[in-house]
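Listed below are the residues making up each chain.
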Amino acid sequence: DLCDTILKQKEKEVEAAKQKETEQLEKFRARVRGMEENENYSILDLLLTSSSIGEFISAMEDMQVIVESDKKLADDYIAAREEAERVRNEYLSVKNEYKEHLDVLNAEQGRLERQIAEADALIISLEEDTESAIAEYEISIASEDKMAKYLDEMSLQYAHEQDAELRTDFSGVSVLSAEDNALNR
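Below: a short report on this structure.

Rules and cut-offs
- Residue positions within a chain follow its written sequence, with the count starting from 1.
- In keeping with the predicted nature of the model, local features appear solely for residues at pLDDT of at least 70, side-chain atom pairs appear and are counted solely at 80 or more, and the whole-chain, interface and lining totals rest on all residues.
- As a rule here, side-chain values cover all heavy atoms of the structure and leave hydrogens and water aside.
- The residues that make up patches have over 30% relative accessible area and no salt bridge, and they are joined within 9 Å when like-charged or within 5 Å when they are Val, Leu, Ile, Met, Phe, Trp or Tyr.
- The accessible surface values rely on the Shrake-Rupley method and a 1.4 Å probe; as for residues, cover is taken only from the protein chains in view.
- When a carboxyl oxygen of Asp or Glu is within 4 Å of a side-chain nitrogen of Lys or Arg, the pair counts as a salt bridge.
- Where helices and strands are cited, they refer to DSSP runs of H or I of at least four residues and of E of at least two residues respectively, numbered from the N terminus.
- His is not counted here, nor are the chain ends, while Lys and Arg score as positive and Asp and Glu score as negative.
- Lys charges are placed at NZ, Arg charges at CZ, Asp charges at CG and Glu charges at CD.
- Relative accessibility thresholds used throughout: buried, under 20% of the residue-type maximum; exposed, over 50%; partly exposed, between the two (1.4 Å probe, protein chains only).
- In this description, a nonpolar core means a group of buried Ala, Val, Leu, Ile, Met, Phe, Trp, Tyr and Cys residues linked to one another through side-chain atoms lying within 4.5 Å.
- Contacts are assigned to residue pairs with any non-hydrogen atoms lying within 4.5 Å of each other.

**Comments concerning a nonpolar patch on the surface**
Then comes step 1: Taken together, the side chains of Met 147, Tyr 150, Leu 151 and Met 154 define a hydrophobic patch exposed on the protein surface, amounting to about 400 Å² of accessible area.
Then comes step 2: Among the secondary structure elements, Tyr 150 is positioned in helix α3 (residues 53-171).

Spelled out as structure tokens, the structure:
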């Protein structure tokens with residue numbers, strides 16, 4: 001995942017910055033120990049121990065180079081410490097952003113899972129309602145078919161009764177139609 005890759009890269013940068021800071025601190029400490037062991041010669045010591053002005057000036061120039069080197073060591077350590085702090089802060093910022101995005105995504109995932117569960121429940125309910133409606137429909141169709149058959153039978157019976165009544169009214173004697181003759185046979 002992209003965020004994990006970015007975080008791992010930032011962690012490597014933090015470790016590299018810490019390593020550089022530690023190296024610069026060790027160099028600075030070694031120099032301070034060296035100065036303590038050599039008891040830091042003062043300008044007065046140089047003046048008193050120098051055999052000539054040229055030797056004194058040369059020693060002063062050497063001392064100036066050492067002071068500049070010491071200042072560079074201190075500056076390098078401070079720069080390494082500030083860089084480590086900057087990289088650490090950048091890492092923490094990226095990590096916090098990642099956590100915020102992850103929290104948002106987790107909340108969204110939870111919301112979507114709830115919606116899916118609700119949709120599943122609705123689908124199950126609709127399937128049950130559909131099955132119930134189909135069963136009711138089939139019962140209704142069967143009842144209608146039964147009723148239609150019954151009505152057909154009643155209609156046919158009524159027609160026969162009417163036909164028979166008409167024949168009786170016509171002559172007072174029952175007259176059979178060709179259809180009735182065919183049925184009686």
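**Here we look at a negative patch on the surface**
Then comes step 1: Together, Glu 127, Glu 128, Asp 129 and Glu 131 make up a negatively charged patch on the protein surface.
Then comes step 2: For Glu 127, the position within the fold is in helix α3.
Then comes step 3: Residue classification places Glu 127 among the partly exposed residues on the basis of a relative accessible area of 46%.

**Observations regarding the nonpolar core**
Then comes step 1: Counting residues in hydrophobic clusters, the biggest one holds eight residues: Leu 7, Val 14, Ala 17, Ala 84, Val 87, Tyr 91, Val 94 and Tyr 98.
Then comes step 2: Elements supplying a minimum of two residues to this core: α1 (2-37) and α3.
Then comes step 3: Here the element with the most residues in this core is α3; it accounts for five residues.
Then comes step 4: Apart from residues no more than four positions distant in its own chain, Leu 7 is found in contact with Tyr 91, Val 94, Lys 95 and Tyr 98.

**A short note on the pattern of salt bridges**
Then comes step 1: By the definition in use, this model includes twelve salt bridges.
Then comes step 2: Note that Lys 18 is salt-bridged to Glu 15, the shortest N-O span being 3.9 Å. With a gap of three residues between them, Lys 18 and Glu 15 both fall in helix α1, about one helical turn apart.
Then comes step 3: Look at Lys 18 and you get partly exposed, because its relative accessible area is 34%.
Then comes step 4: The residue Lys 99 makes a salt bridge to Asp 103 at a minimum N-O spacing of 3.1 Å. Of this pair, Lys 99 and Asp 103 both sit in helix α3, four residues apart, which is roughly one turn of that helix.
Then comes step 5: Under the relative-accessibility criterion, Lys 99 is labelled partly exposed at 48%.
Then comes step 6: Classification of Asp 103 by relative accessible area gives partly exposed; the value is 39%.
Then comes step 7: Linked through salt bridges whose partners overlap, the residues forming this network are Lys 10, Glu 13, Glu 83, Arg 86 and Glu 90.

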